[in-house]
Amino acid sequence: MKRSLSATIGIYAAVIVTCGLLLFPIYWMFITALSPRTALREFPPRFWPDEPQWGVFHELLANQPFGLWMWNTVLVAVATMILSLSVSVLAAYALSRHNLRGGQGLGLFILTSKMLPATLLVIPLFAIFRSTGLVGSLWSVILAQSTLIVPFCTWMLKGYFDTIPPELEHAALVDGCSPLGTIFLIVLPVAAPGLAATALYSFVLSWSDFLFARTFLTTSEAKWTLNMGIATLKGEYITDWNVIMAGALMAAAPIIVVYLVLERFLVGGLASGAEK
Amino acid sequence: MSHVSGAETRARPDETRRRWQMIDFSSPRHRAKFGYLLLAPAVILMALIIIFPIVLSVDISLQDVRMARVGGEREPWTLENYRWLLTSPEFRNAVWVTARMVLMVGGTCLVIGLLTAMLVNQRFKGRSLARLFIALPWAVPEVVATVIWAWMLDSSFGVVNYALLRSGLVAEPVQFASNATAAFFAVCFVMIWKGYPLVSIMLLAGLQSIPEEQYQAAKVDGASPWQEFWFITLPGLMPVIGVTMVMTTLWVFRDFAIIFVLTKGGPVGATTNLSILTWEQSFSFFRMGQGAAVGVVTMIICAIISRSLVGRFARSVH
């Protein structure tokens, strides 16, 4: 079906305008971070700074424990990724290869993580973690996040495992490989792309968490995550927006990079109807 | 055989015991056991961190508790918290705020999601790049998105106020922080910006699943683009629209970070949805019994709303 030139131009124009409007906040974050402080109080605001102030990042790292926040966030995200993936791989394999009665239960579990207001969950969790001394420790956040991520990861991984023919494992079993061995030596290498996508998806979810960190880590400033730090910056330094935006940029950059790399895999899983 | 040493004879009972203890998991008889063993970590984790706490939260909601504790003395059960809930203006306000948020955020996400999905559904070079960029806000952490918008909506120097003044829509800068209506819209803006990508992606998948033949048949019958949209696209998308709207609704009910960082629920409760109210009662005012009651009611409402999703997930898992 041939399309007229004007229609093609129309579509491209629409795409550019739409992307421009929708992604404007990201552009604005970038511009504000690089603007000199005086330019922030200009009205009308500048849409491009005369001289990009690259020193703002140094200023941020010098005046705020930003490096500490970043470190904590990375720690939590990696731990969450490892924990939730370990648990999910085993569960997904079990549900994929063994026709257990847990199949229906999985659907319900995923639903639980969607319909459960996390703000309700933190009340008893706070009490439990207090009694076990985990309040103020990163482990409280890691455990809470992992548990909410596991159902969805299990579902995603089960989908991937379902596409791998069981003949590979049968052959390995015949050759004398143990059942656990078949998982690690046969299935996981083949499912590597799906594994990577699921791992990084849990990384993204962990990075975005705010509620758990805010509830469990308020009193231990040394354990704050990026989101907590940036939220505090916004509360205190309401005039140093360039510094805040620089922090926002550094906090968002890793995740945006992950997204750009993995979008292909993630969209496939998301489109079949799932996580927010 | 006659020169079997005493040591070997003694070893045989040990061997048989060991062999007994080593269940061969690759045999069909034991396969199910192996499966349940693999499932165990997930089940234990969910039981400890989700199921038990939820039961505990219902328990807390039925007690006159300010600070919840595990173990120790328990207060007697009472319906006082739920009585407070049904008569308190805060709860009614939170329900009203949540309802309006659901309508505004859900409706706008649907419109933006549909328009962007239809745009990206067209065939043009760079289409996957466009899809990538249009869904980018999904990847931005909620707190970061909120902080960017907080700056854009700044009452003195924000770019949004600049645009509004410049276009003549307002006479003086809008006070997004202190004006109740403006604050509500501010929260909705951020939610819509964060929420539309997922709607867009799912609607795109829905659009692509509508059979091409239907459109071709319509063309043969001389249908206009509007008629094509109304009689083919929209009906074909109805199931997906249903799912995305339920998911968006549940998200608005549950979201905490955006509202908390932007307005903390203010001014004067103008942006306090049920989720914020739950947290506020529990961790700002330390009335955990009441907070838990709000949370339990919210969870029940969400459970009812998500019933429609149960069939979908159960089916897709099998």
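Given the structure is predicted, the values throughout are model-derived calculations rather than measurements.

1. Examining the pattern of salt bridges
All names here are of chain A.
- By the definition in use, this model includes 6 salt bridges over all chains.
- Two residues, Glu59 and Arg37, come together in a salt bridge whose shortest N-O distance is 2.5 Å. Taken together, the residues Glu59 in helix H4 (residues 55–63) and Arg37 in helix H3 (residues 37–40) connect sequence positions 22 residues apart.
- Since its relative accessible area comes to 32%, Arg37 is described here as partly exposed.
- For Glu169, the salt bridge is made with Arg97, and the minimal N-O distance between the two is 2.9 Å. One end of the pair, Glu169, is in helix H9 (residues 167–174); the other, Arg97, is in helix H5 (residues 66–97), with 72 residues separating them in the sequence. Exposure class is identical for Glu169 and Arg97. Each is buried.
- Linked by salt bridges that have partners in common, Arg37, Glu59 and Asp240 make up one network.

2. Re the side chain of Ser84(A)
- By the element assignment, Ser84(A) lies in helix H5.
- Among the polar contacts listed, one links the side chain of Ser84(A) to the backbone oxygen of Thr80(A), at a separation of 2.6 Å.

3. Observations regarding the packing of helix H13 (residues 226–236) of chain A against helix H6 (residues 142–152) of chain B
- Two elements in contact, H13(A) and H6(B), have axes whose closest approach is 9 Å; the angle formed by their N-to-C orientations is 15°. Considering their axes alone, H13(A) and H6(B) lie roughly parallel with respect to each other. Where H13(A) crosses over H6(B), the two elements pack in a sense that is left-handed. Taking contact as the criterion, the partners of Asn227(A), Ile230(A), Ala231(A) and Lys234(A) in H13(A) are, on H6(B), Val143(B), Val144(B), Val147(B) and Ala150(B).
- Tallied by class, residues from the contact of H13(A) with H6(B) come to 6 nonpolar, 1 polar and 1 charged.

4. Some remarks on the interface of chain B and chain A
- Of the residues lining the interface, 103 residues belong to chain B; the matching set on chain A comes to 102 residues.
- The junction of chain B with chain A conceals about 9,400 Å² of combined surface from both sides, 79% of it contributed by carbon and sulfur atoms.
- Linking chain B with chain A are 0 salt bridges, by the criterion used here.
- Counting every contact that joins chain B to chain A gives 8 residue pairs in polar contact (both at pLDDT 80 or more).

5. Description of H4(A)
Residue and element names in this part refer to chain A.
- Of all the residues in H4, the buried ones are Val56, Phe57 and Leu60. Looking straight down H4, one finds its buried side chains confined to an arc of 105°; they lie on one side. Among the exposed residues of H4, those pointing more than 90 degrees away from its buried face are His58, Ala62 and Asn63.

6. Overview of the confidence of the model for chain A
Residues and elements named next belong to chain A.
- Looking at chain A, the pLDDT average stands at 85 and 92% of residues meet or exceed 70.
- The secondary structure element of chain A with the lowest average pLDDT is helix H6 (residues 102–115), at 72, and the one with the highest is helix H12 (residues 211–216), at 94.
- Long-range and interchain partners of residues 272–276, a stretch whose pLDDT sits below 50, account for 26 contacts in this model, where long-range means more than four residues apart.

7. Topic: a nonpolar patch on the surface
Residue and element names in this part refer to chain A.
- A cluster of nonpolar side chains, contributed by Tyr27, Phe47 and Trp48, occupies part of the molecular surface with about 330 Å² of accessible area.
- One can find Phe47 in the loop between H3 and H4.
- Taking relative accessible area as the criterion, Phe47 reaches 37% and is therefore assigned partly exposed.

8. Here's the deal with the packing of helix H8 (residues 138–162) of chain A against helix H11 (residues 192–208) of chain A
Residues and elements named next belong to chain A.
- It is at 10 Å that the axes of H8 and H11 come closest, and there the two elements cross at 160°. Between H8 and H11, the crossing angle belongs to the class labelled roughly antiparallel. Considering the relative orientation of H8 and H11, their crossing is right-handed. Counting all contacts with H8, which are made through Gln145, Ile149, Phe152, Cys153, Met156, Leu157 and Tyr160, the residues of H11 involved are Gly194, Leu195, Ala197, Thr198, Tyr201, Ser202, Leu205 and Ser206.
- A per-class count over the contact of H8 with H11 returns 10 nonpolar, 5 polar and no charged.

9. Details of the state of the cysteines
- Taken as a whole, this structure holds 0 disulfides over all chains when the rule is applied.
- Free cysteine: Cys19(A), not disulfide-bonded; nearest cysteine sulfur from Cys109(B) at 17 Å.

Rules and cut-offs
Residues numbered from 1 in each chain as written. Chains lettered and ligands numbered in written order. Predicted model: local features only at pLDDT ≥ 70, side-chain atom pairs only at ≥ 80, totals over all residues. Heavy atoms only, no water. Salt bridge = Lys/Arg side-chain N within 4 Å of Asp/Glu carboxyl O. Helix = DSSP H or I, 4+ residues; strand = E, 2+ residues; numbered from the N terminus. Buried < 20%, exposed > 50% of the residue type's maximum accessible area, 1.4 Å probe, protein only. Polar contact = N/O pair within 3.5 Å; in protein donor to acceptor, adjacent residues only side chain to side chain. Axes fitted to C-alpha atoms, helices over the stretch in contact; angles between N-to-C directions. Parallel < 35°, antiparallel > 145°, perpendicular 65-115°, else oblique. Left-handed = near helix turned anticlockwise from the far one by under 90°. Contact = heavy atoms within 4.5 Å. Nonpolar A, V, L, I, M, F, W, Y, C, P; charged D, E, K, R; others polar. Buried area = accessible area lost by both parts, 1.4 Å probe. Arc of directions from axis to C-beta. pLDDT = per-residue confidence, 0-100. Patch = residues over 30% accessible without salt bridge, like charges linked within 9 Å, V, L, I, M, F, W, Y side chains within 5 Å. Areas by Shrake-Rupley, 256 points an atom, 1.4 Å probe, with all protein chains shown as cover. Disulfide = S-S within 2.5 Å.

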